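Listed below, chain by chain, are the residues.
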Amino acid sequence: MTAQHPVRGDVAVLVPAAGLGTRLGGGTPKALRILAGESLLSHAVRRVAAAPSVGYVVVAAPPEDPGAVGPLPGPVTVVPGGATRQASVAAALAAVPDEYQIILIHDAARALAPTRLVEAVAAAVRAGWDAVIPVLPVVDTIKEVTASGTVVGTVDRSVLRVVQTPQGFRRAVLAAAHAAATDDHTDDAGMVEKLGVRVHIVAGDEAAFKITRPVDLVLAEALLAGTLLS
Ligand code: CTP
Ligand code: MG
C-alpha cells in the first residue's frame, strides 16, 4: 500500500482497476490504456477526487505490477487487486480507514463519469439510503431468446434500467454483503440485494458509460475532443 492522505470529505471511493480488458484487447490492462494522453484510471480518479464529498480514494491495481498505475491525480492509496472484480473491491475496501462510513465503488473503465454524478450518489447515501445506484433507461428493444435461436418474447423495457457506477453504500451494508457472498458478482448492488436491502436509484449520466469494446474508446476520444457531432 502507498501513501495515506488528508481527509476532505466523508466518502471513500474504491476504484477497481485490476481487470485485463479482454474485450477491449491491446495487451495492456484496460485501466492503464491511454486516452487523450492520460490513462483511463487517471481520468476516472481525477473526476472522483474533484468531488467535495470524497476524502479518500483506493485503487485496486493490476496485481502483477501495482506500481504500473504511475502517479495519479490527487491523494490515492494503491492496493493490489484480485482475480475477480469482487476480489478487487474487497481488497480496496480492506484498505479504507474505519472512520469512512460511506463507500462509493467506481469502475476505472467508466473514465469519463462526471464529478456531479459522484456527488449525487454520495448525497443519496448521506440522506439515508443503504445502497444507491445510477441508472439510465434502456434504449434498445430487448428480446428474450432460446439457446437454439428463436424469440421467446419482447421484454417490457419501461421497467428495465441500465446500471452504471459510482454505486454508493453504507459501509456496514457493503461489508455484510461481502461477508455473505458465495458466488462471484460483477455488480456491487447485486450482492447487497441478496441481503434484502432496498437499493435506491438516481439518474445516471451518458458520460459514465463503461469503456468495454474498441468502439467505446473511439467514443471517449470523440467526447473529449468535443468532436462527437462533427
Ligand atoms: N476489475 C478489477 N479486477 C478484476 C476484474 C475487473 O478491478 N479482476 C475492474 C476493471 O479494471 C474495470 C471494472 O472492474 O475497471 C469493470 O470491469 P470490466 O469493464 O469487465 O473490465 P475488465 O475486466 O478489465 O474487462 P474484460 O471483462 O473485457 O476483461
Ligand atoms: Mg471484466
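The present account deals with the structure reproduced in this document. Keep in mind it's a predicted model, so treat the numbers as computed, not measured. (Residues numbered from 1 in each chain as written. Chains lettered and ligands numbered in written order. Predicted model: local features only at pLDDT ≥ 70, side-chain atom pairs only at ≥ 80, totals over all residues. Heavy atoms only, no water.)

Per the counting criterion, the structure on display carries one aromatic pair. With centroids separated by 5.5 Å and ring planes inclined at 40 degrees, the aromatic side chains of Y56 and Y100 adopt a geometry described as tilted. Here the residue Y56 occupies a position in strand β4 (residues 54–61), and Y100 occupies one in the loop between α2 (85–94) and β6 (102–105), the gap between them amounting to 44 residues. A single burial state applies to Y56 and to Y100, both of which are buried. (Phe/Tyr/Trp six-rings, centres within 6.5 Å; stacked < 30°, edge-to-face > 60°. Helix = DSSP H or I, 4+ residues; strand = E, 2+ residues; numbered from the N terminus. Buried < 20%, exposed > 50% of the residue type's maximum accessible area, 1.4 Å probe, protein only.)

It is worth spelling out the nonpolar core at this point. It is characteristic of soluble globular proteins that their nonpolar side chains tend to be buried jointly. Of all hydrophobic cores here, the largest spans 28 residues; its most connected members are L41, V59 and L104. Looking at this core, the elements with two or more residues in it are β1 (11–16), α1 (40–49), β4, β6 and α3 (115–126). Broken down by element, the residue count for this core peaks at five residues, all from α3. Ignoring anything within four residues of it in the chain, the contact list for V59 reads V15, A17, L41, V45, L72, V76, T77, V78 and V79. With 25 residues, the next largest nonpolar core counts A12, L93, V96 and I103 among its residues. (Core = buried A, V, L, I, M, F, W, Y, C linked by side-chain atoms within 4.5 Å. Contact = heavy atoms within 4.5 Å.)

We now examine the pairing of strand β9 (residues 151–154). Both faces of the sheet carry side chains from a regular strand, because those side chains alternate between them. Here strand β8 (residues 143–145) pairs with β9 via three bridges, running antiparallel. Note that in β9 the partner of E144 across the bridge is G153. (Pairing = 2+ DSSP bridges.)

The subject of this paragraph is unusual backbone geometry. For the bond running from T165 to P166, omega is 10 degrees, close enough to zero to count as cis. Locating P166 in the fold gives a position in the loop between β10 (161–163) and β11 (167–170). One non-glycine residue, A36, lies in positive phi territory at about 50 degrees.

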